[in-house]
Amino acid sequence: MAAEIPLHSVKDVLTGRSVAPGDQVQVRGWVRTRRDSKAGLSFVQVHDGSCFDALQVVAPGELENYASTVQSLTAGCSVICEGQVAASEGKGQSVELQADRIVAVGMVEDPDTYPVPAKRHTFEYLREQAHLRVRTNTFSAIARVRHCLAQAVHRYYHEQGFYWVHTPIVTASDCEGAGEMFRVSTLDVANLPRDEAGEIDFSKDFFGRESFLTVSGQLNVESYCLALSKVYTFGPTFRAENSNTSRHLAEFWMIEPEIAFADLHDDADLAEDFLKYIFRALLEELPDDMEFFRARIDKTCVERLEAFVESSFERMEYSEAVSLLEQAVEKGTKFEFPVSWGVDLQSEHERWLTEHHVGRPIVVMNYPKDIKAFYMRLNDDERTVAAMDVLAPGIGEIIGGAQREERLDVLDRRIDEMDLDRDAYWWYRDLRKYGTVPHAGFGLGFERTIAYATGMGNVRDVIPFPRTPRSAAF
RNA sequence: UCCCCUGUAGCUCAAUUGGUAGAGCGAGCGGCUGUUAACCGCUAGGUUCCUGGUUCGAGUCCAGGCGGGGGAGCCA
């Protein structure tokens, strides 16, 4: 693999950014298809992940390994190609590579059983081939979108003066209260230590107490917020809920900003500005990939995002949402579940609001206190808390957030009302004793965001190796 | 966890009232062509998810299990 010939990505060659027709270049990648022409040449589509399109490599019959190797190339083979960049004689691409050397680095040992040949596959099948599905158009595009959005998240917060805080993955307290948790233990499950009462003795466990994988970085990040003012987390989150839906994963990534000296309206403003920023970045940076999603996955995804970044979120009080739904019922809309003030909105209600009533994302604010978490700030009406959900068409709840209860006496009252243990929250309560301030934040599900942006219908297809109940292959 | 649907060739699916397995795509070979969802021909490819039951006979009917999908709940 001598290096006299400069290596370039497929993207370099196709965009002409650092390569011009006539240049000698080397390109490395994987074969998507090969088409032979008995005029004595073959066309090999080579992709390397650098962009959506593959590079057409023209292999003349004069290559010394033409018959022995080039004509045996099939989908999935890895190759190194050297040659001259040239304007294409055919339709479908502006430039191509006129190869004078093609090295097969790794052949596909049995093309008949290669799991992802160049043909249509269902997403369900490709989930079982998660190690190879990224070689397809769809999944390589998803990988690039995921990267683009992740980079945009960090760039946005960095530019806005936020600090990225690495909250712990392992949590040794059970006070997070956001759902079922995965236990982390080094105890021998076949021989558990017991105390005198016969209970499992977790003091013998690795951390000297029960420990779990985090279900949210929020409580921890609040402590950093009350010193650094603007912070966020972006990392993996784990929920052991037995949820079997297209929008739940047992392991997913969540972005949780937290801002000090801020109320619920500041929180909603941040959510809106933030989402617009990352979607604008996606539209600008990956037009080819987004065009693919528009053409093959969801015809409306691009116009939806374009409208999203130009319009403002609909904002609505919970009470207003309930009366709208009640009016809809009076006018004949059928819901499976009844609506009345005090009950949580069902999926069908959220869908009606965001898809049917306003047709774009909507922020619902100030929910009844009895259906929300203890740390959400009690409003002056004493019956609602400063909570918000951002609902998106097709996905449902994409953001859940709140202004936090900063008053220790009210927080303690709420902890007691919900039958929780004040001592377990001692350090969280400390934050209210020592220089407390109004503050707020939210959690954005990263996979739901990607699904919304691309029109992909299942979050299992926008994370490389999905973990769901009864499924942790790969 | 609950409700509904589903499991046949590498993949996507057919198979009449229960009667002994078929197509397209993919793959291999050949033909044709600066090709590009290529096209034409030929060939290979099956423990019909598993276990048990009914029957002369089960891909088909019944029971249980396992896997997959959609919806609900929980939530992001």
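Coordinates for the structure precede this section.
Residues numbered from 1 in each chain as written. Chains lettered and ligands numbered in written order. Predicted model: local features only at pLDDT ≥ 70, side-chain atom pairs only at ≥ 80, totals over all residues. Heavy atoms only, no water.

Caption draft 1: Highlighting the pairing of strand 12 (residues 362–368). Among the seven residues in strand 12, seven count as buried, and that is most of the element. Summarising the sheet, strand 11 (residues 314–317) and strand 12 pair through four bridges and their orientation is parallel. Bridge pairing links Met-316 to Val-364 in strand 12. In terms of strand pairing, strand 12 meets strand 13 (residues 384–392) through six bridges, oriented antiparallel. Considered in strand 13, the bridge of Val-363 is made with Val-390. (Buried < 20%, exposed > 50% of the residue type's maximum accessible area, 1.4 Å probe, protein only. Helix = DSSP H or I, 4+ residues; strand = E, 2+ residues; numbered from the N terminus. Pairing = 2+ DSSP bridges.)

Caption draft 2: Focus on the protein's contact with RNA strand B. Close to RNA strand B lie 52 residues, the nearest being Lys-91, Glu-96, His-248, Arg-351 and Arg-448. At 3.0 Å, a side-chain N or O of Gln-98 approaches a base oxygen of RNA strand B. One nitrogen or oxygen atom from the side chain of Ser-243 is found 2.6 Å from a base oxygen belonging to RNA strand B. Elements with a minimum of two residues in the surface near RNA strand B: strand 1 (24–37), strand 3 (55–60), strand 5 (95–106), helix 2 (123–127), strand 10 (251–260), helix 9 (347–357), strand 14 (396–403) and strand 15 (439–445). (Near = heavy atom within 4 Å. Polar contact = N/O pair within 3.5 Å; in protein donor to acceptor, adjacent residues only side chain to side chain.)

Caption draft 3: Examining the sheet that holds strand 11 more closely. Pairing in this open sheet of eight strands is mixed, and the strands run 6-9-10-15-14-13-12-11 from one edge to the other. Each edge of the open sheet carries a strand with a single partner, namely strand 6 (163–164) and strand 11.

Caption draft 4: Focus on the packing of aromatic side chains. Using the criterion set out here, one finds 26 aromatic pairs in the structure. Consider the rings of Phe-335 and Trp-352, whose centres lie 6.4 Å apart with planes at 85 degrees: the pair is edge-to-face. With Phe-335 in the loop between helix 8 (318–330) and helix 9 and Trp-352 in helix 9, this residue pair connects regions lying 17 residues apart in the sequence. Taken together, the ring pairs in this structure connect Tyr-156, Tyr-157, Phe-162, Trp-164, Tyr-232, Phe-274, Tyr-277 and Phe-442 into an aromatic cluster. One Lys or Arg, Lys-372, reaches over the ring of Tyr-367 and ends 4.3 Å from the middle of that ring. In this structure, Arg-383 is placed above the aromatic ring of Trp-341, and the distance from its NZ or CZ to the ring centre is 3.9 Å. (Phe/Tyr/Trp six-rings, centres within 6.5 Å; stacked < 30°, edge-to-face > 60°. Lys NZ or Arg CZ within 6 Å of the ring centre and 35° of its normal.)

Caption draft 5: Fine view of the pattern of salt bridges. This model, assessed by the stated rule, comprises 29 salt bridges. Linking Arg-404 and Glu-222 is a salt bridge whose minimum nitrogen-to-oxygen distance equals 3.9 Å. One end of the pair, Arg-404, is in the loop between strand 14 and helix 10 (408–417); the other, Glu-222, is in helix 4 (residues 218–228), and 182 residues separate them in sequence. Note on Glu-222: relative accessible area 0%, which makes it buried. Here Asp-412 makes a salt bridge to Arg-422, at a shortest N to O gap of 3.6 Å. With a gap of 10 residues between them, Asp-412 in helix 10 and Arg-422 in the loop between helix 10 and helix 11 (426–433) connect regions that are remote in the sequence. Taking the relative accessible area as the measure of exposure, Asp-412 reaches 8% and is therefore buried. (Salt bridge = Lys/Arg side-chain N within 4 Å of Asp/Glu carboxyl O.)

Caption draft 6: Focus on the nonpolar core. With 92 residues, the main nonpolar core has Ile-102, Tyr-157, Phe-274 and Phe-279 as its most contacted residues. Membership of the second largest hydrophobic core comes to 31 residues, among which are Met-316, Tyr-367, Met-376 and Tyr-428. (Core = buried A, V, L, I, M, F, W, Y, C linked by side-chain atoms within 4.5 Å.)

Caption draft 7: Seen up close, a nonpolar patch on the surface. A cluster of nonpolar side chains, namely Ile-169, Val-170, Phe-206 and Phe-207, defines an oily patch on the protein surface of about 370 Å² accessible area. Locating Phe-207 in the fold gives a position in the loop between strand 7 (170–171) and strand 8 (212–213). For Phe-207, a relative accessible area of 42% gives the class partly exposed. (Patch = residues over 30% accessible without salt bridge, like charges linked within 9 Å, V, L, I, M, F, W, Y side chains within 5 Å. Areas by Shrake-Rupley, 256 points an atom, 1.4 Å probe, with all protein chains shown as cover.)

Caption draft 8: Region of the structure containing the packing of helix 10 against helix 11. Taken N-terminus to C-terminus, the directions of helix 10 and helix 11 make an angle of 155 degrees; their axes are 9 Å apart at the nearest point. Judged by the inter-axis angle, helix 10 sits roughly antiparallel to helix 11. Contacts from Leu-408, Leu-411, Asp-412 and Ile-415 of helix 10 reach helix 11 at Tyr-428, Arg-429, Arg-432 and Lys-433. A class-by-class count of the residues in the contact of helix 10 with helix 11 yields four nonpolar, no polar and four charged. (Axes fitted to C-alpha atoms, helices over the stretch in contact; angles between N-to-C directions. Parallel < 35°, antiparallel > 145°, perpendicular 65-115°, else oblique. Contact = heavy atoms within 4.5 Å. Nonpolar A, V, L, I, M, F, W, Y, C, P; charged D, E, K, R; others polar.)

Caption draft 9: Spatial organisation of unusual backbone geometry. Of note, Asn-366 is a non-glycine position whose phi angle comes to about 65 degrees, a positive value. Along the chain, the position of Asn-366 falls in strand 12. Taking relative accessible area as the criterion, Asn-366 reaches 14% and is therefore assigned buried. One non-glycine residue, Glu-382, lies in positive phi territory at about 65 degrees. Relative to the assigned elements, Glu-382 resides in the loop between strand 12 and strand 13.

Caption draft 10: Up close: the sheet that holds strand 3. The five strands lie next to each other as 1-2-3-5-4, forming a closed barrel whose pairing is mixed. With direction set aside, neighbouring strand axes in the sheet form an average angle of 55 degrees. Here two bridges tie strand 3 to strand 5, and the two strands are oriented parallel to one another. Within strand 5, the residue paired with Val-58 across the bridge is Gln-98.

Caption draft 11: Spotlight on the environment of Tyr-367. With respect to the secondary-structure elements, Tyr-367 resides in strand 12. Taking the relative accessible area as the measure of exposure, Tyr-367 reaches 0% and is therefore buried. Spatially, the C-alpha atom of Tyr-367 lies 10.0 Å from that of Leu-378, the residues being 11 residues apart in sequence. Among residues more than four places away in sequence, those in contact with Tyr-367 are Tyr-318, Asp-344, Leu-345, Lys-372, Arg-383, Thr-384, Val-385, Ala-387, Met-388 and Asp-389.

Caption draft 12: How the structure looks around the environment of Ile-278. Tracing the sequence through the fold places Ile-278 in helix 5 (residues 264–285). Judged by relative accessible area, Ile-278 falls into the buried class, the value being 0%. Sequence separation between Ile-278 and Arg-414 is 136 residues, and the spatial gap between their C-alpha atoms is 36 Å. Sequence-distant contacts of Ile-278, that is, excluding residues within four places in its chain, are made with Leu-149, Ala-152, Val-153 and Thr-449.

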